[in-house]
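Now for the letters of each chain:
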Amino acid sequence: MSSPKVLFGFHAVGVRLKTAPQSIIEIYYEATRRDARMRQFLDRAREAGARLIEADSVRIAKLAGSHGHQGVAARVEPVKVATSLDELLEDLEAAGIEQPLLLVLDGVTDPHNLGACLRVADGAGAHAVIAPKDHAVGINATVAKVASGAAETMPYFMVTNLARTLNELKERNIWCIGTSDDAPKTIYQVDLKGPVALVLGAEGDGMRQLTRKTCDELVSIPMKGAVESLNVSVASGVCLYEALRQRT
């Protein structure tokens, strides 16, 4: 059995209350905070049967590893999810989902960026986020806080060899579309209705060269102002929501 982990913030703990309340071991809350948001949160926690423990801000910050806890932290058991990308894709196929939408992140090491990418991937209906083990950040408490619950609902797979994984996706007829400032087509000029993996690199360095070469196609995001690039989470949102627009 995996060790319990900590979630903090109203969104992250609230999503766990909604999706898997039985996995919550205990919730620590700041007893001196009595505003409407805290009262509503505590009502939901009691309705879900969660164990509530009063604590001060210092104790919650120590538990969360952050002062941005909003007065709420929870110790939770991991929720069972697909343990590999192959398992997830097979589950999707068994469920009759023939056009998976995947987000691939190459070189995103900032937990705030990853959290925001998970949040937008969840919002746009992506099926998974993929990253390389050696050029990425794992799921930690900061990622979960920024993701506002999406770290609980969005499968996140860290793979040993990203180029090999992209080739395996291509063998499954998933079209790998990378983003690049110098690509001849824009994201709005490609068909995103089929099985697609959108591949983005961190701002500045972008994708690594091998990742770029492995993509089936490269597209750009139009930039009409003075800045040269978007934050990777914003770029992910642009691309994923264009895919969603085409699919609906």
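Residues numbered from 1 in each chain as written. Predicted model: local features only at pLDDT ≥ 70, side-chain atom pairs only at ≥ 80, totals over all residues. Heavy atoms only, no water.

Notes on the pairing of strand S10 (residues 196–201)
To be explicit about the condition: Here's how the labels work: a residue is buried when its accessible area is under 20% of the maximum for its type, exposed when over 50%, partly exposed in between, all with a 1.4 Å probe on protein chains only. Secondary structure elements follow DSSP: runs of H or I of four or more residues count as helices, runs of E of two or more count as strands, with numbering from the N terminus. At least two DSSP bridges between two strands are needed for those strands to be called paired.
Within S10, six of the six residues are buried, leaving the element largely enclosed by the surrounding structure. Alignment of strand S5 (residues 101–106) against S10, held across six bridges, turns out to be parallel. Bridge pairing in S10 links Leu101 to Val196.

Observations regarding the side chain of Ser220
Going by this rule: Only heavy atoms matter for contacts: two residues are in contact if any of them lie within 4.5 Å across the pair.
The residue Ser220 is located in strand S11 (residues 217–220) in this model. For Ser220, the contacting residues outside a window of four places in its chain are Ser180, Asp181, Ala183, Lys185, Thr186 and Ile187.

Some words on the pattern of salt bridges
This is how it is decided: Throughout this description, the term salt bridge denotes a Lys or Arg side-chain nitrogen within 4 Å of a carboxyl oxygen of Asp or Glu.
Summed over all chains, the structure comprises 13 salt bridges. The partner of Arg33 in a salt bridge is Asp35, and the shortest N-O contact between them spans 2.4 Å. With a relative accessible area of 26%, Arg33 lands in the partly exposed category. In this structure Asp35 comes out as partly exposed when scored by relative accessible area, which is 28%. Across the pair Asp191 and Lys193 runs a salt bridge whose closest N-O atoms are separated by 3.3 Å. Exposure remark for Lys193: the relative accessible area of 45% places this residue in the partly exposed category. Because the salt bridges share partners, they merge into one network encompassing Glu26, Arg51 and Arg75.

Brief notes about the environment of Arg208
Examined against the element boundaries, Arg208 turns out to sit in the loop between S10 and helix H9 (209–214). Taking the C-alpha atoms as reference points, Arg208 and Asp106, separated by 102 residues in sequence, lie 7.2 Å from one another. Excluding residues that lie within four positions of it along the chain, Arg208 makes contacts with Asp106, Pro132, Asp134, His135 and Leu162.

What to know about the sheet that holds strand S7 (residues 156–159)
How we decide: Note on definitions: angles span 0 to 180 degrees between N-to-C directions of axes, and those axes are lines fitted to C-alpha atoms, for helices only across the stretch in contact.
Strand order in the open sheet formed by seven strands is S7-S6-S5-S10-S8-S11-S9, with parallel pairing between adjacent strands. Looking at strand neighbours, the two that pair on one side only are S7 and strand S9 (185–186), the edges of this open sheet. Judged from the four bridges that link them, strand S6 (residues 128–132) and S7 form a sheet pairing that is parallel. What sits directly across from Ala131, in S7, is Met158. Helix H5 (residues 111–124) contacts S5, S6 and S7 of the sheet and is inclined by roughly 170° relative to S5.

So, unusual backbone geometry
Although it is not a glycine, Gln70 adopts a positive phi angle of roughly 65°. Mapped onto the secondary structure, Gln70 falls in the loop between helix H3 (57–64) and strand S4 (72–76). When its relative accessible area of 27% is taken as the criterion, Gln70 is described as partly exposed.

Considerations on the environment of Thr32
Secondary-structure assignment places Thr32 in the loop between strand S2 (24–30) and helix H2 (36–47). Thr32 sits in the exposed class, given a relative accessible area of 61%. When the C-alpha atoms of Thr32 and Val15 are compared, they prove to be 23 Å apart, with 17 residues separating the residues in sequence.

Looking at the nonpolar core
To keep it simple, the criterion reads: What makes a nonpolar core is a set of buried Ala, Val, Leu, Ile, Met, Phe, Trp, Tyr and Cys residues whose side-chain atoms join them at distances within 4.5 Å.
Counting residues in each nonpolar core, the largest one holds 53 residues, and the members touching the most others are Ile27, Phe41, Leu105, Leu118, Leu198 and Leu240. With six residues, H5 is the single largest residue contributor to this core. In terms of nonpolar packing, the next biggest core, distinct from the first, is built from 20 residues, Ala82, Leu88, Val104 and Cys215 among them.

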